[in-house]
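Remarks on the overall topology
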Amino acid sequence: AFKNEGDLSFKEMTEEWGLGTKTFSNGSAYGDLDNDGDLDLVVNNINMPSQIYRNNTDTAQNRSITIQLRSKTNNTYALGTSIEIYYNGRKQMADNFVTRGFQSTVDPRVHFGVENTGVIDSLIVNWFDGSRETHYNIATNQLLEIEHVAIDDIKSKEAISSKPILVKLSNDSKIKYNPSGLNDFNRNGLLPKMYSTESPSLTKTDVDGDGNDEIYFSGGKDQPGSFLSISDDHFMVKSSAFMSKPEETRSIFFDIDNDGDQDFYLASGGRFYSSSSSVLKDRIYLNDGNGNFTLSEQDLPFLKYLSTSAVVPFDLDNDNDLDLFVAERFHPFYYGTGGRGYLLENQGDGSFKDVTDQKAAELTKENMITDALSVDIDGNGWQDLVVVGDWMPITILINNSGKLETRPKYDLPKTNGWWMDIESADLNNDGLPDFVVGNHGLNTTFKAGDRLYINDFDNNGAIEQIYCTRINDQYYPILDKDELISQIPVLKKKVVYYRDYAGMSIEELFTPGIIEQSKILEVDILASVALLSTPEGYEIKRLPQEAQYAPIHSLLILDVNKDGIQDLFAGGNEFQVKPQFGRFDASKGWLFPGKMAEGSYTFDKAVNLKIDGQIRDFEILIKENKQYLIVAKYDDELEVYKIVGF
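How each quantity is defined
- Residues numbered from 1 in each chain as written.
- Predicted model: local features only at pLDDT ≥ 70, side-chain atom pairs only at ≥ 80, totals over all residues.
- Heavy atoms only, no water.
- Buried < 20%, exposed > 50% of the residue type's maximum accessible area, 1.4 Å probe, protein only.
- Helix = DSSP H or I, 4+ residues; strand = E, 2+ residues; numbered from the N terminus.
- Pairing = 2+ DSSP bridges.
- pLDDT = per-residue confidence, 0-100.
- Contact = heavy atoms within 4.5 Å.
- Phe/Tyr/Trp six-rings, centres within 6.5 Å; stacked < 30°, edge-to-face > 60°.
- Lys NZ or Arg CZ within 6 Å of the ring centre and 35° of its normal.
- Salt bridge = Lys/Arg side-chain N within 4 Å of Asp/Glu carboxyl O.

**Topic: the pairing of strand β12 (residues 143-147)**
Within a regular beta strand, the side chains point alternately toward one face of the sheet and then the other, so they alternate between its two faces. Residues of β12 alternate between two faces, with Leu144 and Ile146 buried on one and Leu143, Glu145 and Glu147 left unburied on the opposite face. The pairing of strand β6 (residues 64-70) with β12 spans five bridges and is parallel. Its bridge partner being in β12, Leu69 is matched across the sheet by Ile146.

Structure follows, in structure tokens:
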């Protein structure tokens, strides 16, 4: 049993509420059985008696109101009606429906707990037929009966309307990102979710020098990317000449050869092709100034093919040309292995030299990097680098006259996360960059302290990944017994019964030698956060609770309402998840308006954008003083929205 803390979070109260008896139950229902103003509980069990739990709440202190709805139609209990109550500046809403789980039906009366409130300011009934009525100044601790009046008998009806934030533009082109078709579970059977679903991406620039930005929408496997422009609230799409076999995981425009136009870095990645495949080769295209691109004859200085996840152009050495940070996501076939960063120095002729060992040794460490950006953090005129990734900390590298180094002031210990995106702006108006970082979220089976053990546990030449959770300082696999044995058959004789497996830690499943040889990753934080600058470094603050509903893959910082305070768009979701974990689909995109409160940056009430699907990237396009939000989604059509209200 979990207590609602009032901030969209919950606290376990099973023992405190007297519900700790172990049972094998398959149904429950609640209702005020003794009509004392609180809800009692009935639990149906298998092979044992049912249980009735009487609620002993002091209803003199913790008051309530119960509404009995009636109708003379065939819908006698007025099912489908919603009720809103307002009191002490607060609002509650409940739907009148009685089905709760498998063959379980609850009391057909709507119950609200209102703390110690004696009188409710107003109560609104939104009837099942669309009519609406309002009641005022209602005493609590009573059963209130309300009779439905047929809609034909109502002389006036209160209109319910709301101004939309976004207006979707029509997509005549039906341009869509096509997934690779890879099933990650066929390759790595113990993964809880698929990691081949992290594309597509968006980037913008003025390609042809006409003063208008274009958007590049990256292509999938065997799918070219596309350029997008907007005119008169219509968006136009044309395919690029960059025919790709691999997934285009990142695309970046910047002036590589210092000729005044925007050239193009096209990164390849994903999990479909092996690291020995030349298909994963990143490419550079040079712009002739009119938006026509030709493949550069200069090869990038990588000694192997990468599954690239991030590309950041920045002037490392202040020599007026743009150098590159390039991130490897992971080994395409073995999740949990591979991944690192590369620092490439621009030689001034369109070619690059790998200077990672000499100028950024920290980047050579094995990390599954997902995103990065460059900003001048300490205000000394040199561009610094911030790197985030899977199972790694938020890493700030300060530019010391052309060398990237860690500094104790900017260290962020205990921040290993499943970070997917990072964006920067001066949120608190102190003249220094702040950051917002998207993570897995808190609406999940997983929790801080979980581990990933990586090894060839049965010496068959294939690497396995075993996710474990911590209980009393021991780590237990988050896997079904059958699932684990199907991948590691040598455990079949050791783990015969489910009851034995239920209590076995990973140290009991495998020998100390195997555990010692394993690569072990641990996550410290799953919440999406903001990093706000302070004189001592950075303060970590959780994003609002709505941002924790689902994994965040894309963030966009923009002053939408032109009030001088930055606002935040956030989107994500992951559907390709094993059933026992449930797919992560509780976000439809959010707008978090920024505000200053007592000199500190925070967020106002979240606005639901109502965008379905798995959002992977946002981009903003401004044309003729109109703002357009571009949304790229995995396995879905590109969508464009005009921002019309806020």
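**A look at the confidence of the model for the chain**
Keep in mind that low pLDDT regions are not for reading the predicted coordinates in detail. Summarising the model, the chain shows a mean pLDDT of 93, and 97% of its residues fall at 70 or more. Contacts of residues 153-161 to residues separated by more than four positions or lying in other chains number eleven contacts, the stretch itself having pLDDT below 50.

**Let's talk about the packing of aromatic side chains**
With the rule as written, the count across this model stands at 26 aromatic pairs. Arranged with centres 5.3 Å apart and planes meeting at 70 degrees, the rings of Trp418 and Phe446 form a pair that is edge-to-face. Taken together, the positions of Trp418 in strand β30 (residues 417-418) and Phe446 in the loop between β32 (434-438) and β33 (451-455) put the pair 28 residues apart, joining distant regions of the chain. In this structure Trp418 comes out as buried when scored by relative accessible area, which is 4%. Judged by relative accessible area, which is 5%, Phe446 ranks as buried. For the pair Trp418 and Tyr467, a centre-to-centre distance of 6.4 Å together with 85 degrees between the ring planes defines the contact as edge-to-face. Highlighted residues: Trp418 in strand β30 and Tyr467 in strand β34 (residues 464-471), separated in sequence by 49 residues. Grouping aromatic residues by their ring pairs yields a cluster made of Tyr216, Phe227, Phe253, Phe264 and Phe293. The cationic tip of Arg271 hangs over the ring face of Phe330; the distance from NZ or CZ to the ring centre is 5.7 Å.

**Some remarks on the pattern of salt bridges**
Summed over all chains, the structure comprises 26 salt bridges. A salt bridge links Glu639 to Lys168, with the shortest nitrogen-to-oxygen separation between them at 3.2 Å. Of this pair, Glu639 sits in strand β47 (residues 639-643) while Lys168 sits in strand β13 (residues 166-168), and the two are 471 residues apart along the sequence. The exposure class assigned to Glu639 is buried, which follows from its relative accessible area of 9%. The closest approach of N and O atoms between Asp184 and Arg271, which form a salt bridge, is 2.8 Å. In this pair, Asp184 sits in helix α1 (residues 184-187) while Arg271 sits in the loop between β19 (263-269) and β20 (283-287), placing the two residues 87 residues apart along the sequence. With respect to class, Asp184 is no different from Arg271; both count as buried.

**Digging into the environment of Ile230**
Checked against the element boundaries, Ile230 lands in strand β16 (residues 226-231). Looking at Ile230, the relative accessible area reads 3%, which means it is buried. Between the C-alpha atoms of Ile230 and Tyr273, which are 43 residues apart in sequence, the distance is 35 Å. Ignoring sequence-local partners within four residues, the contact set of Ile230 consists of Phe235, Met236, Leu621, Lys623, Tyr628, Ile630 and Val640.

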